[in-house]
Amino acid sequence: MGHALLGVLGLFLLNTLLYGHAEDPRPVITVSPSWLSAGASVTLNCSVKDPSAGWRFYWYKTVPEPSGNFFYRHEQLPGSSSGTEQDSYIVHGQTHTARYGCRAERGDPVYSTYDSEPKFVWSADIPSSASLTVSPDRAQHFTSDSVSLSCEGNSTDWRVMRSSPEGRYWAPCSTWGTMNGSTCHINTDRTSDAVYWCESRSGESTNAVNITVQDGDMILLSPARPVTEGHSVSLSCKLRSQTFDSIVFFYHNEKVIQNDSRWELNISAVSKSDEGFYKCQHSGRESAQSWMSVQVIPAVSRPDSSSFPVLLIVGLVCGIVLVIPLLVLFCYRASKDSGFFRPVQSESTNADRADYKNGHYSPLLQAQ
């Protein structure tokens with residue numbers, strides 16, 4: 001027993017002498033932004049306890065194992081198989097929710113850190129292949145409300161996942177709700193603030209939604225999923241058991257945008273500038289704020305009214321360019337045809353005059 005203890009202590013001291021600390025450091029990964037916007041790249045940063053030179057950084061994302069059972073594996077990001085000298089990495093073209101991690105190595109023999117805790121990058125945009133729907137479709141709910149989440153898509157093996165907004169802990173519906181097929185019923189007996197999404201064993205992920213369950217007297221009714229650009233949307237204030245009897249304030253990114261007796265805020269045609277945090281206030285009470293995301297329609301599939309006059313002018317010019325050569329060709333043919341018959345008429349007339357002078361007449365003229 002004493003020899004074993006001395007052996008462990010010896011390894012502890014050796015590790016401290018070699019690396020300057022008692023245990024392998026766990027690097028910390030940060031992501032920016034944590035919520036995706038259309039066309040934006042994602043920057044990953046990996047920091048270690050000892051930031052001296054000589055580190056090489058390895059980047060990966062965690063994806064579900066096809067076998068299921070909620071095991072995950074690392075999938076290296078492009079260009080990081082041999083590590084990078086820079087402690088940052090840029091991900092281009094990401095369109096869906098993903099978890100990223102990093103680790104670091106240095107020295108000869110190689111000393112490697114533990115893997116970092118994964119960090120989420122959320123996407124609220126709805127992919128064409130799969131989506132998460134919320135019923136009722138709003139981001140805030142009272143405790144005791146009935147709330148369900150459904151996965152829709154090509155896969156038949158969906159699981160609804162939940163994570164803290166910071167992305168530190170995540171778990172399947174079976175640990176915090178009731179899963180029935182591809183639908184999860186949330187337990188709203190307790191307050192919560194969490195991010196939800198669906199994932200399949202094949203690695204597919206849906207849009208993510210942030211849902212808040214509160215035990216207060218007032219909530220903001222705003223859509224849980226993104227609003228399509230150009231569509232209308234209504235946000236409203238709701239009291240648990242009372243009606244509004246005075247002015248209601250609506251805020252967008254902490255600025256008052258409506259203050260009157262109306263308990264509803266209507267936006268007739270949503271634009272990207274309407275995206276942001278919303279909340280309402282009434283008689284000294286204030287709802288929690290919720291983020292409203294705006295999904296932009298790709299330019300290739302969206303008609304542009306400003307291009308209509310240009311298209312009209314181009315069409316007219318093309319029409320004129322095609323018609324003019326046809327008219328010239330027609331006139332030329334007509335002119336050529338009329339020039340061919342004139343000499344015949346002239347020769348016939350000259351011959352008749354010659355016959356008249358010589359006393360020769362055609363039978364037709366003699367009959368006359």
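Residues numbered from 1 in each chain as written. Predicted model: local features only at pLDDT ≥ 70, side-chain atom pairs only at ≥ 80, totals over all residues. Heavy atoms only, no water.

Identification of the protein chain as Ig-like domain-containing protein from Sparus aurata is taken from an unreviewed UniProt entry.

Draft legend 1. Summary view of the overall build of the protein chain. Each helix and strand in the protein chain was counted, giving 3 helices and 27 strands. Across the 368 residues of the protein chain, 35% fall into the buried class. Taking the contacts inside the protein chain whose residues are at least 6 apart along the sequence as the reference set, 62% of them involve residues at least 24 apart. (Helix = DSSP H or I, 4+ residues; strand = E, 2+ residues; numbered from the N terminus. Buried < 20%, exposed > 50% of the residue type's maximum accessible area, 1.4 Å probe, protein only. Contact = heavy atoms within 4.5 Å.)

Draft legend 2. Region of the structure containing the pattern of salt bridges. The full count for this structure, using the stated rule, is 13 salt bridges. Salt-bridge contacts for Glu85 lead to Arg56; the nearest nitrogen and oxygen are separated by 3.8 Å. On the criterion of sequence distance, the pair formed by Glu85 in the loop between strand S4 (72–76) and strand S5 (88–91) and Arg56 in strand S3 (residues 56–64) is long-range, its members being 29 residues apart. Take Arg56: its relative accessible area is 30%, and that puts it in the partly exposed class. The salt bridge partner of Glu286 is Lys279, with a shortest N-O separation of 3.3 Å. The exposure class assigned to Lys279 is buried, which follows from its relative accessible area of 10%. Residues joined in a network through salt bridges with shared partners are Lys61, Arg73 and Glu75. (Salt bridge = Lys/Arg side-chain N within 4 Å of Asp/Glu carboxyl O.)

Draft legend 3. Inspection of the nonpolar core at higher detail. Ranked by size, the top nonpolar core spans 19 residues in total, and within it Leu44, Phe57, Trp59, Leu77, Val91 and Tyr100 carry the most contacts. Only strand S1 (28–32), strand S2 (42–47), S3, S5 and strand S6 (98–106) provide two or more residues apiece to this core. Counting residues per element, this core draws most heavily on S6, which supplies 4 residues. Apart from the residues within four sequence positions on either side, Leu77 is in contact with Leu44, Trp59, Tyr60, Lys61, Tyr89, Val91 and Tyr100. Ranked by size, the runner-up nonpolar core spans 18 residues in total, among them Leu132, Val160, Ile186 and Val209. (Core = buried A, V, L, I, M, F, W, Y, C linked by side-chain atoms within 4.5 Å.)

Draft legend 4. Region of the structure containing the state of the cysteines. In total, this model carries 4 disulfides according to the counting rule given. In this model Cys173 forms its disulfide with Cys184; the gap between the sulfur atoms is 2.1 Å. Disulfide Cys173-Cys184: torsion about the S-S bond near 85 degrees, hence right-handed. Within this pair, whereas Cys173 is found in the loop between strand S13 (170–172) and strand S14 (177–180), its partner Cys184 is found in strand S15 (residues 183–186), the two being separated by 11 residues in sequence. Each member of the pair Cys173 and Cys184 is classed as buried. Across the disulfide from Cys237 sits Cys280; the S-S distance is 1.7 Å. Its S-S torsion of about 105 degrees marks the bond between Cys237 and Cys280 as right-handed, since a negative value means left-handed. Pair noted here: Cys237 is in strand S20 (residues 233–239) and Cys280 is in strand S24 (residues 276–282), with a separation of 43 residues, a long-range link. You'll find Cys237 and Cys280 in the same group, each marked buried. Cysteine pairing for the protein chain, with bonded cysteines counted in sequence order: 1-2, 3-6, 4-5, 7-8. (Disulfide = S-S within 2.5 Å.)

Draft legend 5. Main features of the environment of Asp217. In this structure, Asp217 sits in the loop between strand S17 (209–214) and strand S18 (218–221). When its relative accessible area of 44% is taken as the criterion, Asp217 is described as partly exposed. Setting aside anything within four residues of it in sequence, one finds Asp217 in contact with Phe142, Lys238, Leu239, Arg240 and Arg285.

Draft legend 6. Seen up close, unusual backbone geometry. Looking along the chain, the bond that leaves Ser32 and enters Pro33 is cis, with omega of 0 degrees. The residue Pro33 is located in the loop between S1 and S2 in this model. The step from Asp108 to Pro109 runs through a cis peptide bond, and the omega angle for that step is 10 degrees. Unlike most non-glycine residues, Asn253 shows phi in positive territory, near 50 degrees. Although it is not a glycine, Ser283 sits at a positive phi angle of roughly 50 degrees.

Draft legend 7. A look at the side chain of Ser290. Along the chain, Ser290 falls in strand S26 (residues 290–292). A polar atom in the side chain of Ser290 sits 2.8 Å from the side chain of Gln140. What Ser290 contacts, discounting residues up to four positions off in sequence, is Ala139, Gln140, Ser222, Gly276, Phe277 and Tyr278. (Polar contact = N/O pair within 3.5 Å; in protein donor to acceptor, adjacent residues only side chain to side chain.)

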